Structures are given as C-alpha cells and as structure tokens.
There are 2 protein chains.
Amino acid sequence: MIPTELIRKKREGEALQPDELKFLVSGYVNDDIPDYQMAAFLMAVYFQGMSEPEMNEFTSLMLHSGTVIDLSFIPGIKVDKHSTGGVGDKVSIILAPLVAVCGVPVPMISGRGLGHTGGTLDKLESIPGFRTDLDIDTYKKIIEKIGLVMIGQTKNIAPADKKLYALRDVTATVECIPLIAGSIMSKKLAEGIDALVLDVKTGSGAFMREKDRAIELAQTLIRIGEAFGKRTIGFITDMNQPLGNAVGNWIEVVECVRCLKGENVPDLMEVTYRLAGAMIYLGEKAASIEEGEKIARRAIESGVAYEKFLELVREQGGDISFIENPSKYEKADVQEEVYLETEGYVEAIDNYRIGLAGLVSGAGRKNIVDTLDYTAGLVVHKKIGNRVDMGEPVATVYGNDRQGVQDAAHRVREAYRLSNNNVNAPQCIYGMATKDGYADYNEST
Amino acid sequence: MIPTELIRKKREGEALQPDELKFLVSGYVNDDIPDYQMAAFLMAVYFQGMSEPEMNEFTSLMLHSGTVIDLSFIPGIKVDKHSTGGVGDKVSIILAPLVAVCGVPVPMISGRGLGHTGGTLDKLESIPGFRTDLDIDTYKKIIEKIGLVMIGQTKNIAPADKKLYALRDVTATVECIPLIAGSIMSKKLAEGIDALVLDVKTGSGAFMREKDRAIELAQTLIRIGEAFGKRTIGFITDMNQPLGNAVGNWIEVVECVRCLKGENVPDLMEVTYRLAGAMIYLGEKAASIEEGEKIARRAIESGVAYEKFLELVREQGGDISFIENPSKYEKADVQEEVYLETEGYVEAIDNYRIGLAGLVSGAGRKNIVDTLDYTAGLVVHKKIGNRVDMGEPVATVYGNDRQGVQDAAHRVREAYRLSNNNVNAPQCIYGMATKDGYADYNEST
C-alpha cells in the first residue's frame, strides 16, 4: 500500500478499509510512516471525518497497540466514568469511592490537566504520599482488594494513541470528534471495564463549547463503546461555570472531602449523584438510574462513601491525616479577594477565563515541565443567578506567587458579567444519550 | 508566532497575514518548521484555499527564496509560455524558436515529465548533445545572442518551491489550485520575463480534468502574474487526446521538426499558432493576437522558424545533423501496431491511459532514477472523429523492451472507444482568459 494513496482517499472523503487503517496506524507506531504523512492524514480526517466502521477499527488499532487489562478474575460488572474535562470538575474523586462502596468495582485510569482544565491525577497527587504511577499488577491487586483504583496512563496503555496525540497537539488536529473519540475510547477500553458512563461537558469552560457538538461526541463515544460490547451511557452536562466552588488541586480535594462527609454543593452533587446512579445501574446493583441515585445518596449520608475514600487514600500510599484534618495542610502565602466594580446578578461567567485564572495562579501547567503549586487556585463565591452586592467578593484566589495571584484575580474579574435583572441558575444536566438516541431533559418534561 | 496557531487559523478558513506566511515558508526552508507541521498546513490549504493576497505573498516568498534573474539588459519584451502539461504536448519546441524569430525574446525554463505527462526537457535532451543543465550566466548569454534559450530549473530558482513540492508529492497535497499556482508562478517569475502566455489543459490527459477547474486555475495564475506586473493571457485547451500524433521524446522532436518545416498537424499547429500569436502580441510585435498568428504562420512558411530552431540546437550543444536528417537516429528494436477488435468512429480516447502507455513503453519514468528510452513512445494514427476500419491500426508503439511495448499496446487498445455513429472532432481551444475575465469561444461566437 502507498501512504499517499491512502491520504488521498481520505482527502476525497472515502472510508478506508480495515487493512488500510492498520497499514497507517501500525506503520506509524513502527516508524515506517513518517510524521509528515500522518499529519496530512490527520488533517484530512479533520475535514472529512470517519465512518462508524472506520472509527471502530481506528479505536481497536490504538487499543491493541498496547496492553488490554483483563479484570475478569474480579467478580461483578466493572464500570468507569470518563469526563471530557472542565473547570472545577472534581467529580471522579467523590464518585469512584461512592460507586465502589455500593458494590460496583471502579477501575479508573485518569489524566492530568490539559489546557485550561484540571486533571484528576494532579488533584489526587496533592494528597501527601498519594501515588498514581502504579504498575498494572498493583492496579489489579488494589481493585481486587478494595473495589476501586485510580491511576495514570502507563506506557503500556494504547501507545499508538500517545504518539498520535503528541502529533495532533502540534499540528492543530486535536479538535476532531473521530480522533477525540478514538483517543478516549482506546484508553478506556484498555482498563478492563465492562461498562462506561460518559460526562460530556459543554459551555464556555468545555472543549465542546456548543451543545450540539457535545451531543455528537457523546453519540460517537457511545457507538464505539457499544461496538466493543460495553454498555455505555452519556450525560451532557453544563460547563458554563466551575462545577462546585473550588478550582485548583488541594482545594478541590478539600471540597470533595466535605461532599463525601455529606455537605451539599448543589451542582457538583447533582452531577455526581446522576453519574453514580448510572454507574450503579450499569453495574446491576440498581434497577434504574433513579434507584441507583437513591442508593448513592444513602452511601453518602451513612458515611460509608467517605470511609471508602479513606481506604483508597491509604491503599495508594496517601496520608489520611490530611483528609481527616485538612487544616494540617500548608497554606498558600498569598490570598486575594476579587471584587467587581458594579453590583447585580451574575448573568454569565467566562469559564475558559476562570480555568486560565486557576492555571496562572499556579494550579496548572503553562508547559509540560511546570511543577504544580498544590495550594494554588481559587474559590468562586458567586455563581450564575447569585446576587452580588457592592463590597462583596465574587471569588478568592490563592497561591504562592504574588504576580500569578494578581494575574488570576484580574482574569476572574474579567470573566464575570452582571445584570440588573434576576437571572435563573443554569441547568446542570442537559440530557442523556444512549445507544438508542438522545433525550433532552427540557424537551422530555 | 506559534506554528500550530497558524495551522489552526488556516484550518478555520481564515487568511494568514504576510508576516505569518513568511514565518511558515521561511521557517520551513530554514528547517525551523518541521515537515509534519507544514504537511498539516498544506492539507488545511487544500480544504480552505488561499485568498488572493495570500497567494501573491506565498508566490513572492517562494520566488524570493532564490535567484530572480534580471534580463532587463536585453532589449524587447521577454515573453514565455507555460503549459500545465499533457500527453504529446510538444508545443514549446516549435513555439520558442517561432516566437523568437518574430522578434520576441523567449527565456524558457522547462520541466521534466511528471506522472503520465511528458516534459520539454526530456524531449530536448533526446537530441544528441543538447544540454539543458546550463547555469544562469550561460542562460543570459544565449538569450542575448540568439533571442531564446531553453533550460531546466537550476538549484537557485525558487528553492522553497522545490522543498514544498517534494513534500506535497508525498502528502497528497499536489492537486490544490493555490499551491499549484504558487509553484508555477514562482518559477516563471524568476526567469526574467515581462509577460506570460498560459496553456491550461483540460480533459482526460490533463491534471485539471474538468474545464471549470482549468478556468479557475487559469484565472488564478493570471491574477498572480498581473499582481507581479506581468501581462498574462491564458488559453484553455483540449487534452482529451494527444496533441499531434507522437507521444515520446525523440519521436515528438521529429514531429516538431516536420511542423517547423511547414507540415500541418492540425490540432498541434492550431494551438501553437494561437499561443505564438498571443506571445507576439504581448511582445508588442503585433497589434492583436490575430495579427500575431499571421506573422507566426509566415515565419513557418518562410522557413525562418526552422532556421532559428537549428540555431538553438547548435547553441545548446546539439548535433543538428540529426535534425536535418532524422533517419540517422537509432531505431527502436521493437515496434507493434495496435488493432482494435471492432470498427467505427473514434468517440473517445482515455488520454491518461495513452500517457501511461507512453510511460511504460520506456518514454517516461516510473520512479525518479529511471533512465529514458528516447526512441520509445507511440504514434496515434486515429484521433477523435476518425473512421477506423477493420484491419486498420489505430496506433504504433515503439520501444526497446518487448514487454514494455506489449504493455503499452494493451493500454492503447483499452484507451480507445468506438461508436457506430459519426463523431465530431473536438475543439482544440475552448477559450481565452485574461485579467478581465474568461471568454469561451463557443459562447462568444
């Protein structure tokens, strides 16, 4: 096969055959196909898309480029969740122990912060001693022992995706649904899951700003999941403001601990309970998502979810004394309240700017070698629909670099838009997608 | 500037600023921008095109990446012709001496065969001793002395185009009008011309199969030419069958010599006279294209064009005894007549197949290191509209490799389609494009 002919075929909008895709992907991994031909191919895919069989084959090729973990020795239906990423999205940290304690094993391989969004791995690593760089044997042992495990992508998981992702990053071919879907699903399918719940975020702080594109991505991910025999459900959720109030690493962990102990942060817990309900349902420990939600609420109220979280922290090397007494943690040197110059109701928050504010405060990476300031970040006190009176701060920024904190505070200030009129709080969950279609909660009620 | 941001900008359909294009093209030539980023950019250009200012800037950057030859020391308006390439397109060999002898200096830098098409350089080099690899000083001296010169692209001419063309060739980004136009014009503008006539071919043997695309390319080339202060005229001509009868190298030269001596090969000479008329008009040696054509006809009839050709061959090291007595030339060992199984009128010829037949007979290159068999090729005896009776050959194939000749004969056979009904000979010239628009000869009469 001639690489140029395959690039041309995709350029002309034709679907590639399985052996043709294999030639390209395997050839790329083996360095037989050079970066420049793969780059041209990826850009052609950006414009021409992929058919469903192509996407399945593409995912399969990336999946089988590395280890596919087998967890069949563990009883029960293993269910994971994947979020497309957002600002203040700390759901996994509450969700994984919550679902596990309800009897559904949760094998979770997470990622780091990307662009303006945070990453579960970075947040977990802010817990002193907590290790996420575990090998696959340890991963298997921990989930067998305590019913959940949370690690980072190892070298053996989908190496083709790793190489392709690095190329996409420098060739402006990241924002492409078939490529995003293949990348996500090849990693998730390698975890050893039986079913998957997706949280596809939309809004100013999401990678898919438009709801239609988020639904399209959810449908694509679900079709791939189902094609690989994994029951898959997706929710389209709001990312027009931070989820919960904290944005950062350790300060997000603290918010999670409060929620695990029963505090209700409304939007955060609404999303967490819905995802938990779906996971418990897919794990066949509830007859419906609604029943699953009820089971999850009881697991929070009874304190067993919090106990499971302590067990996870202990098992992965973390010092639980910081969880039991967060005030032990070192404090950020600098703290700045953010005031606006007017008063009114919060009409909109540019959540991309909030994400960047978190990043520049020290909680994120400007480049690949940056180290994180775990105490840095921000807490928003005012969310969409809230009243802001003169002299009331809308947020507090934390960090150890005075200039970074000031830069962050400025960005937060610019992100808020007030109105003189009452504003409704936005919906947290827009709808649910399954293999049979998409049900919008507004349209269905 | 960040290359990825520029790729993204083009991907989103925005026009790049001059400094942004310069960053990319200069960076690519200096190896600061890697192949894979340029490949992604080129594919984005394939889908999103370029604005007129972008194309001019792109052409200028490639032009000024190398030497721009100054021929202002030579009196008169220097005019060249460029053809987009075809099968049996030998026009330049007749045209250059013909126009030069009419008083218009012709500085011509030609190319080699590409894909299924032949190249002027290869044809000229089939003349024993004829050299095309002359340096720029010699180029200047010859045109000053005899009013014309025909060489190949030197290393110093548009090196950015050379590097980009090689990348386009392996990334399926050749067939893209802005990239084609920039490549053609950067080389032509480097020659030292004052005006340019374009022969944009369309049909089954052309790179632009559809007439609309050929017109679009012609308009694009003209706009660039005029933006650089060069008067530019373009003709859209037929490439649905070979031009003239010979396809190869030496056998095309022989056909040219016959035409220069006054033989009328109708389609070939119709195109040649029209292009000559336009060049003589642009060179201000005629008040109109029509008058230019008349002057050209007289220069053929009087024999001065032929004399000028002999002068060119002599000046560039060729042995004119072979021109004066072509039967001196070595003969091909193998010769095969091509017969069809039916009779009728030639309705269509797949000219791409004819081009490939020429190639496999030995007249073209299958890969970059192939040497040419100058005596190989074919002569078509039957063109569109001609009657083919049982037992009449439609073509003769020549070569020195029996298998290649048989393969070629098979391809020629497959290329012909006969009809029981009378078929009209196709138009040779479809219309003329200038900076003011396109006039179709059918619609205007």
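Further up the page is the structure itself.
This one's a predicted model, so the numbers in the text were calculated from it and none came from an experiment.

1. Remarks on the overall build of chain A
Point 1. When its secondary structure is counted, chain A shows 18 helices and 14 strands.
Point 2. A compact globule built from 445 residues would reach a C-alpha radius of gyration of about 22 Å, and chain A, at 22 Å, matches this within 12%.
Point 3. Along the first, second and third principal axes, the C-alpha set of chain A runs to 70 × 45 × 45 Å.
Point 4. Every one of the 445 residues in chain A was classed for burial, and the buried ones make up 59%.
Point 5. Of the roughly 17300 Å² of accessible surface on chain A, a fraction of 47% belongs to carbon and sulfur atoms.
Point 6. Of the side chains in chain A, 49 bear a positive and 64 a negative charge, and the two mean positions are spaced by 2 Å.

2. As for the sheet that holds strand β4 (residues 195–202) of chain B
Residues and elements named next belong to chain B.
Point 1. The five strands lie next to each other as β1-β4-β5-β13-β14, forming an open sheet whose pairing is mixed. A single partner strand is all that each edge strand has here, and the edge strands are β1 (79–83) and β14 (437–440). Neighbour to neighbour, the strand axes of the sheet diverge by 20 degrees on average, direction disregarded.

3. Side note on helix α9 (residues 177–189) of chain A
Point 1. Taking 1.5 Å of rise per residue, the 13 residues of α9 of chain A would be expected to cover 18 Å, and the 17 Å separating its terminal C-alpha atoms lies within 8% of that figure.
Point 2. Within α9 of chain A, the full set of buried residues consists of I177, P178, L179, I180, A181, G182, S183, I184, M185, S186, K188 and L189 of chain A.

4. So, the pairing of strand β2 (residues 106–110) of chain B
Every regular strand shows the same layout, with side chains that alternate between the two sheet faces.
Residue and element names in this part refer to chain B.
Point 1. For β2, the buried fraction is high: five of the five residues fall into the buried class.
Point 2. Where burial is concerned, the two faces of β2 agree: the one with V106, M108 and S110 and the one with P107 and I109 are both buried.
Point 3. Across five bridges, the pairing between β2 and strand β3 (residues 148–152) is parallel. Bridge pairing in β3 places P107 opposite V149.

5. Looking at the interface of chain A and chain B
Point 1. Contacts between chain A and chain B engage 22 residues on the former and 22 residues on the latter.
Point 2. Between chain A and chain B, a total of about 1800 Å² is buried, with carbon and sulfur atoms accounting for 67% of that surface.
Point 3. Of all residues in chain A, the largest losses of buried area upon contact with chain B belong to R11, Y36 and F47 of chain A, amounting jointly to 33% of the total for that side.
Point 4. Across the chain A-chain B interface, the total number found is four salt bridges.
Point 5. With a shortest N-O distance of 2.8 Å, R11 of chain B and E175 of chain A are connected by a salt bridge.

6. Focus: helix α10 (residues 211–227) of chain A
Residues and elements named next belong to chain A.
Point 1. Compared with the 24 Å implied by 1.5 Å per residue over 17 residues, the 24 Å span of α10 between its first and last C-alpha is a close match.
Point 2. Those residues of α10 lying buried are A214, I215, L217, A218, Q219, T220, L221, I222, I224 and G225.
Point 3. Phi turns positive one or two residues past the end of α10, at G229, with a value near 80 degrees.

7. Digging into the sheet that holds strand β11 (residues 395–399) of chain A
Residue and element names in this part refer to chain A.
Point 1. Reading across from one edge, β6-β9-β11-β7 is the order of the four strands in this open sheet, with antiparallel pairing throughout. Where the open sheet ends on each side, the last strands, each with one partner, are β6 (246–248) and β7 (334–338). If you compare each strand with its neighbour and ignore which way they point, the axes differ by 15 degrees on average.
Point 2. Relative to β11, strand β9 (residues 377–380) is paired through four bridges, and the arrangement is antiparallel. Pairing of V380 across the sheet is with A395, part of β11.
Point 3. Set on the sheet, helix α11 (residues 250–260) makes contact with β6 and β9; between it and β6 the angle comes to about 145 degrees.
Point 4. Sitting on the sheet, helix α17 (residues 402–415) is in contact with β7, β9 and β11, with an inclination near 15 degrees to β7.

Quick notes on the rules
Residues numbered from 1 in each chain as written. Chains lettered and ligands numbered in written order. Predicted model: local features only at pLDDT ≥ 70, side-chain atom pairs only at ≥ 80, totals over all residues. Heavy atoms only, no water. Helix = DSSP H or I, 4+ residues; strand = E, 2+ residues; numbered from the N terminus. Rg over C-alpha atoms; globule rule 2.2 N^0.38 Å. Buried < 20%, exposed > 50% of the residue type's maximum accessible area, 1.4 Å probe, protein only. Areas by Shrake-Rupley, 256 points an atom, 1.4 Å probe, with all protein chains shown as cover. Lys, Arg positive; Asp, Glu negative; His and termini not counted. Charge placed at Lys NZ, Arg CZ, Asp CG, Glu CD. Pairing = 2+ DSSP bridges. Axes fitted to C-alpha atoms, helices over the stretch in contact; angles between N-to-C directions. Expected span 1.5 Å × (residues − 1). Contact = heavy atoms within 4.5 Å. Buried area = accessible area lost by both parts, 1.4 Å probe. Salt bridge = Lys/Arg side-chain N within 4 Å of Asp/Glu carboxyl O.

Keep in mind these values describe shape, not function.
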